[in-house]
Amino acid sequence: QVRLVDSGGGLVQPGDSLKLSCIVSGRTLSYYATGWFRQAPGKEREFVGGMSWTGRSTYYRDSVKGRFTISRDLDQNTIYLQMNSLKPEDTAIYYCALNDKRHGTIETGISDYSFWGQGTQVTVSS
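Given the structure is predicted, the values throughout are model-derived calculations rather than measurements.

1. Observations concerning the overall build of the protein
And step 1. Each helix and strand counted, the protein has zero helices and 11 strands in total.
And step 2. Each helix (α) and strand (β) of the protein, taken in turn from the N terminus, gives the series β-β-β-β-β-β-β-β-β-β-β.
And step 3. Computed over C-alpha atoms, the radius of gyration of the protein comes to 13 Å, within 12% of the 14 Å expected from 2.2 N^0.38 for 126 residues, which places it in the range of a compact globule.
And step 4. By principal-axis analysis of the C-alpha atoms, the protein measures approximately 40 × 25 × 25 Å.
And step 5. Taking all 126 residues of the protein together, 40% fall into the buried category.
And step 6. Sequence separation of 24 or more characterises 59% of the internal contacts of the protein that already satisfy a separation of 6 or more.
And step 7. Carbon and sulfur atoms make up 44% of the accessible area of the protein, which amounts to about 6,500 Å² in all.
And step 8. Side chains of the protein give 14 positive and 12 negative charges; the mean places of these two sets differ by 3 Å.

2. Focus on the side chain of Asp90
And step 1. Mapped onto the elements of the fold, Asp90 is located in the loop between strand E8 (78–83) and strand E9 (92–102).
And step 2. Judged by its relative accessible area of 1%, Asp90 is buried.
And step 3. Residue contacts for Asp90: discarding those within four places in its chain leaves Arg38, Arg67, Phe68, Ser85, Val122 and Val124.

3. Description of the environment of Thr69
And step 1. Locating Thr69 in the fold gives a position in strand E7 (residues 68–73).
And step 2. Discounting chain neighbours no more than four positions away, the residues touching Thr69 are Tyr60, Tyr80, Leu81 and Gln82.

4. As for the pattern of salt bridges
And step 1. Scanning the entire structure with this criterion turns up six salt bridges.
And step 2. Arg27 is the partner of Asp100 in a salt bridge, and the nearest nitrogen-oxygen pair spans 3.0 Å. A residue pair is termed long-range when its members are at least 10 positions apart, and Asp100 in strand E9 and Arg27 in the loop between strand E3 (18–25) and strand E4 (32–39) qualify at 73 residues.
And step 3. A salt bridge links Glu46 to Arg38; the nearest nitrogen and oxygen atoms lie 2.8 Å apart.

5. Considering the sheet that holds strand E1 (residues 3–7)
And step 1. Taken in spatial order, the four strands line up as E1-E3-E8-E7 in an open sheet, and their pairing is antiparallel. Of all the strands in the sheet, the pair left with one neighbour each is E1 and E7. When the angles between neighbouring strand axes are averaged without regard to direction, this sheet yields 15 degrees.
And step 2. Pairing of E3 with E8, which is carried by six bridges, proceeds in the antiparallel orientation. When the bridges of E8 are listed, Ser21 appears paired with Tyr80.

Scoring rules and cut-offs
- Residues numbered from 1 in each chain as written.
- Predicted model: local features only at pLDDT ≥ 70, side-chain atom pairs only at ≥ 80, totals over all residues.
- Heavy atoms only, no water.
- Helix = DSSP H or I, 4+ residues; strand = E, 2+ residues; numbered from the N terminus.
- Rg over C-alpha atoms; globule rule 2.2 N^0.38 Å.
- Buried < 20%, exposed > 50% of the residue type's maximum accessible area, 1.4 Å probe, protein only.
- Contact = heavy atoms within 4.5 Å.
- Areas by Shrake-Rupley, 256 points an atom, 1.4 Å probe, with all protein chains shown as cover.
- Lys, Arg positive; Asp, Glu negative; His and termini not counted.
- Charge placed at Lys NZ, Arg CZ, Asp CG, Glu CD.
- Salt bridge = Lys/Arg side-chain N within 4 Å of Asp/Glu carboxyl O.
- Pairing = 2+ DSSP bridges.
- Axes fitted to C-alpha atoms, helices over the stretch in contact; angles between N-to-C directions.

By themselves, these observations are geometric and do not establish any function.
Here it is, written out as structure tokens:
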């Protein structure tokens, strides 16, 4: 069974940083693209960023470029989302996701991912 467990969210002030983690079990990260999504209250779930299966390429939505960074640790089978300079509009539940196609490219659609974490709440408020 494939399972993703994300964590690291919390309540922070604008300008602060958080690092989210997503531990993947049942499937190695070495051959699959990964992504991060978020969903704010009353809003649709949206793509935040993704990493190719090689780990050499990342892609982010415009609103987080330069502030958010995706990385991974293959030995720990864990992906991360480093979030800097957080803004109130970043407030949302954040979800990690795993593509089900080996050697897949970065995908931005919810339907492109087969496995999801349970979500971790990030609240940015002054």
